[in-house]
Protein chains: 2
Amino acid sequence: MIQKLITNIKKTNAPIVVGLDPMLSYIPKWVLNNCYGEFGLNTKGAAEAVWRYNKAIIDATYDLIPAVKPQIAMYEQFGIDGLIAYKKTVDYCHEKGLMVIGDVKRGDIGSTSAAYATAHLGAVEIGGEKYAGFDEDFATVNPYLGTDGIKPFVDVCQEFDKGIFVLVKTSNPSSGEFQDQVLSSTGKPLYEYVGQMVEKWGEPTMEGDYTNVGAVVGATYPEMGKVLREIMPHTYILVPGYGAQGGTGADLVPFFNKDGLGAIVNSSRGIIAAYKKEEYAKFGEKNFADASRQAALDMIQDITQYL
Amino acid sequence: MIQKLITNIKKTNAPIVVGLDPMLSYIPKWVLNNCYGEFGLNTKGAAEAVWRYNKAIIDATYDLIPAVKPQIAMYEQFGIDGLIAYKKTVDYCHEKGLMVIGDVKRGDIGSTSAAYATAHLGAVEIGGEKYAGFDEDFATVNPYLGTDGIKPFVDVCQEFDKGIFVLVKTSNPSSGEFQDQVLSSTGKPLYEYVGQMVEKWGEPTMEGDYTNVGAVVGATYPEMGKVLREIMPHTYILVPGYGAQGGTGADLVPFFNKDGLGAIVNSSRGIIAAYKKEEYAKFGEKNFADASRQAALDMIQDITQYL
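So, here is what we can say about the structure in this document. (Residues numbered from 1 in each chain as written. Chains lettered and ligands numbered in written order. Predicted model: local features only at pLDDT ≥ 70, side-chain atom pairs only at ≥ 80, totals over all residues.)

### Quick notes on the relation of the copies chain A and chain B
Under the fitted operation, chain A is carried onto chain B by 0.0 Å of movement along the axis and a turn of 180°, and the coordinates agree to an RMSD of 0.0 Å. Look at the turn and shift together and you get a two-fold axis relating the two. Of all interface residues in chain A, 100% are interface residues in chain B too; the two copies therefore contact each other through one and the same surface. (Least-squares fit on C-alpha atoms with pLDDT ≥ 70 in both. Contact = placed C-beta atoms within 7 Å.)

### Some remarks on the packing of helix 9 (residues 190–202) of chain A against helix 10 (residues 222–231) of chain A
Residues and elements named next belong to chain A. Running from N to C, helix 9 and helix 10 point in directions that differ by 30°, and their axes come no closer than 9 Å. Handedness of the crossing formed by helix 9 with helix 10: right-handed. In this structure, helix 9 contributes Y191, E192, G195, Q196 and E199 to the contact, and helix 10 contributes M224, V227, L228 and I231. Within the contact of helix 9 with helix 10, the residues separate by chemical class into five nonpolar, two polar and two charged. (Axes fitted to C-alpha atoms, helices over the stretch in contact; angles between N-to-C directions. Helix = DSSP H or I, 4+ residues; strand = E, 2+ residues; numbered from the N terminus. Left-handed = near helix turned anticlockwise from the far one by under 90°. Nonpolar A, V, L, I, M, F, W, Y, C, P; charged D, E, K, R; others polar.)

### A closer look at the interface of chain A and chain B
When the parts come together, some accessible area is lost, and that loss is often what is quoted as the size of the interface. Across the boundary between the two partners, chain A contributes 55 residues, which contact 55 residues of chain B. Of all the secondary structure elements, the ones that give two or more residues to the side of chain A that touches chain B are helix 3 (43–61), helix 4 (73–76), helix 5 (79–95), helix 6 (110–120), strand 4 (124–126), helix 7 (147–160), helix 8 (176–179) and helix 9 of chain A. In terms of residue count, helix 6 of chain A provides more of the side of chain A that touches chain B than any other element does, seven residues in total. Among the residues forming the side of chain A that touches chain B, the class breakdown is 27 nonpolar, 22 polar and six charged.

### Comments concerning the pairing of strand 8 (residues 213–217) of chain B
Residues and elements named next belong to chain B. With five of five residues buried, strand 8 is to be regarded as a mostly interior element. What you see with strand 8 is no split at all: V213, A215 and V217 on one side and G214 and V216 on the other are buried throughout. In terms of strand pairing, strand 7 (residues 163–169) meets strand 8 through five bridges, oriented parallel. In the sheet register, L167 faces strand 8, and the bridge partner there is V216. Taken together, the two bridges between strand 8 and strand 9 (residues 237–239) define a ladder with parallel strand orientation. Along strand 9, the bridge assignment pairs V216 with L238. (Buried ≥ 20, exposed ≤ 12 C-beta atoms within 10 Å, placed from the backbone. Pairing = 2+ DSSP bridges.)

### Some thoughts on the environment of I27 of chain B
All names here are of chain B. Along the chain, I27 turns up in the loop between strand 1 (16–18) and helix 2 (29–39). You can call I27 buried: it has 21 C-beta atoms within 10 Å. Spatially, the C-alpha atom of I27 lies 9.5 Å from that of R52, the residues being 25 residues apart in sequence. The residues touching I27, leaving out its near neighbours within four places in the chain, are P22, L32, A49 and Y53.

### Notes on the sheet that holds strand 10 (residues 263–267) of chain A
Residue and element names in this part refer to chain A. With respect to topology, eight strands assemble into a closed barrel ordered 1-2-3-6-7-8-9-10, the strand pairing being parallel. Bridging between strand 1 (residues 16–18) and strand 2 (residues 67–68) involves two bridges; their strand directions are parallel. Bridging across to strand 2, V17 finds its partner in A67.

### Considering the sheet that holds strand 7 of chain B
Two orientations exist for strands paired in a sheet by backbone hydrogen bonds: parallel and antiparallel. Read around the barrel, eight strands follow the order 1-2-3-6-7-8-9-10 (chain B) and close on themselves; strand pairing throughout is parallel. Of the strands in this sheet, strand 6 (138–141), strand 7 and strand 8 of chain B touch helix 7 (residues 147–160) of chain B, which is tilted by about 150° from strand 7 of chain B.

Okay, here's the thing in structure tokens:
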């Protein structure tokens, strides 16, 4: 699966992923009002607004980008209606040729991790037929439970040709509380040890120069990104934290390999809610998706100029 | 919310929780076949079987126990149909007076963690009305992202009178890979530091002797449970790993305080699939729920004899 992502990245010359993390406050009033009018002032109406908002942004950007990263929490908060909108979004992205990284941050042990992997990357078998639950191409996974939590995901990835990105060093201010703790056994921070394990977990899944077990490392920590890039030579890095969280194009260089591959950078709010920023205000609420297209173009330019 | 759980525990004299983690292989053939016949040999039929299986077990045990812990992964693998069964299960448990600990192991940062908290413990507001997504009473949460990941859950708990259980030391064999790493800063394992943080995160949520921020500590590590019990005097401990994973009643004593409170022990397979075990085989497939009732009674006896 990682090679399909790399092919898409090369084709678009855009190592970026658009985070489809719709909050109600991002969605223009006219979209909300249309949906509330047609479907009701309730979770059905809200979920329909989320879906239409996504669809417009996908339609305006799909030819520029290799992949999207919907954040399932933003859908899950609307219950079943929200998850139906999530699934519609995943399916529509596939129709448009986009890869989908499900930002689900799941993680458990044994048969439970296997069930999460089945839900997002595999399929249940009923009466000899296979039924995929959400059917993303990649999923993000939390490593706190160790190998017992990751191995079932890797097994499902192998069976269904899918991939995962494991949280290593997250982009948020408090990520250091546990992740930066120096371990007595190694004299190095925990995130480096997690990085080593990610590289090891990926070994059986090599495709070309990279494995199907990637890592999440925040743009907000470029020095640590540099070290992790070296520790995990065959690991693709998903980089959140660009834009709204403070990371800039110049910060991203250490996450990439010399060939310009090895990393893919996410922006969510900066692209999907671009029309709310002063620099894209000229597009207006009506043309919010055009603002997203321009923001995607600007982000690609900002990042590729350094590679 | 923790006081409601304690009231339920005292009323039943049963510090246990039944893990509603249905796998298709647990469900008796006759239940499956009925549902496939009525709803189709597909995820709709499978999800209906999961729901009927749960309902029978709830009906047979609700007067004995204070709470259930549905494992959402087991539902999520059936996609939307599975999550509808999850929601029906949560609602039915509430109808029967049971508390519901959603074993969702969610965890992210900032507005994303807030969205997960809203999905499971809170409600979205649309047009001045509140809509709860899944509406459990407690949710399990992963601490790897630090305070930024936990604080939004605590805020929602405060607003809606709910609670969380944070993973501290999990029950699985590989939980030590990261959790047991000794930190240079403290000379103690990571899980102890996470435990200290859990106690601290809970401070603003005190209700009587306990907070609404609990901890997950596996029955398979009683020595560590003893230390954590001391480090987290106001923290309720949810203890998985009893029964099928190897923990016994005698192992559980260190997790409790002297008053017999402070811990609640989960069993999933050992109760919901009891009819498959030799000691309960006499009930047969037809009376699988009666086997679950007997297994719950036996578990309560096994644990309370030591308290």
